[in-house]
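Listed here are the chains, written in short residue letters.
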Amino acid sequence: MRIKREDVPKTAFRMRYGHYEFLVLPFGLTNAPVYFMDLMNRVFDTYLDKFVVVFVDDILVYSKTREDPMEHLRTVLKTLADHKLYAKLKKCDFWMEKVHFLGHVISAEGIAVDPAKIAAVVEWSRPTNITEVRSFLGMAGYYQRFV
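Below is a summary of the structure that appears in this document. (Residues numbered from 1 in each chain as written. Predicted model: local features only at pLDDT ≥ 70, side-chain atom pairs only at ≥ 80, totals over all residues. Heavy atoms only, no water.)

Focus on the pattern of salt bridges
Point 1. Enumeration over the complete set of coordinates arrives at five salt bridges.
Point 2. The partner of D7 in a salt bridge is K10, with the nearest N and O atoms 2.8 Å apart.
Point 3. The class for D7 is partly exposed, based on a relative accessible area of 24%.
Point 4. According to the relative accessible area criterion, K10 is exposed, its value standing at 68%.
Point 5. The partner of R74 in a salt bridge is E71, with the nearest N and O atoms 3.6 Å apart. Of this pair, R74 and E71 both sit in helix 2 (residues 69–82), separated by three residues, roughly a single helical turn.
Point 6. Taking relative accessible area as the criterion, E71 reaches 44% and is therefore assigned partly exposed. (Salt bridge = Lys/Arg side-chain N within 4 Å of Asp/Glu carboxyl O. Buried < 20%, exposed > 50% of the residue type's maximum accessible area, 1.4 Å probe, protein only. Helix = DSSP H or I, 4+ residues; strand = E, 2+ residues; numbered from the N terminus.)

Put into structure tokens, the structure is as follows:
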């Protein structure tokens, strides 16, 4: 990903052998989650909320019938390859009937909150300042539909 011309000087560093500036993001997109998320949303735009959910580098492929998963997975892997993006096999899980994803448990029965998140709300220590109250209310408010 190219860096804007006016931002190139901000990437400057000096070494024994000279002065250097990056023209592209160093280390690929690992240091640029916003750009990576944008890229993933553009790459999978056609399939989002049909059978793909993407959050940064987590890709969830789901199917409503038992016949569709192979075709959906094939489509996702081909889309990645077409854009020169690749999934690490050791980080992939296939044919799961229940998935823990972003604090939720997703299965054929629907979406439920991860029990660990409910335990965190139940075991939350008593807030002692406004920041802690806001933090608790934010988490409890988000998960209220599951309680």
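Let's talk about the environment of E123
Point 1. Along the chain, E123 falls in the loop between helix 3 (115–122) and helix 4 (130–143).
Point 2. Judged by its relative accessible area of 65%, E123 falls in the exposed class.
Point 3. Sequence separation between E123 and M70 is 53 residues; the distance between their C-alpha atoms is 41 Å.

Concerning the packing of aromatic side chains
Point 1. Inspection of the entire model under this criterion finds four aromatic pairs.
Point 2. Here the aromatic rings of F13 and F22 are separated by 5.5 Å at their centres, their planes lie at 35°, and the arrangement is tilted.
Point 3. Take F13: its relative accessible area is 31%, and that puts it in the partly exposed class.
Point 4. Between Y47 and F51 the ring centres are 5.2 Å apart and the planes differ by 40°, which places this aromatic pair in the tilted class.
Point 5. Among the aromatic residues, those joined into a cluster by ring pairs are F13, Y20 and F22. (Phe/Tyr/Trp six-rings, centres within 6.5 Å; stacked < 30°, edge-to-face > 60°.)

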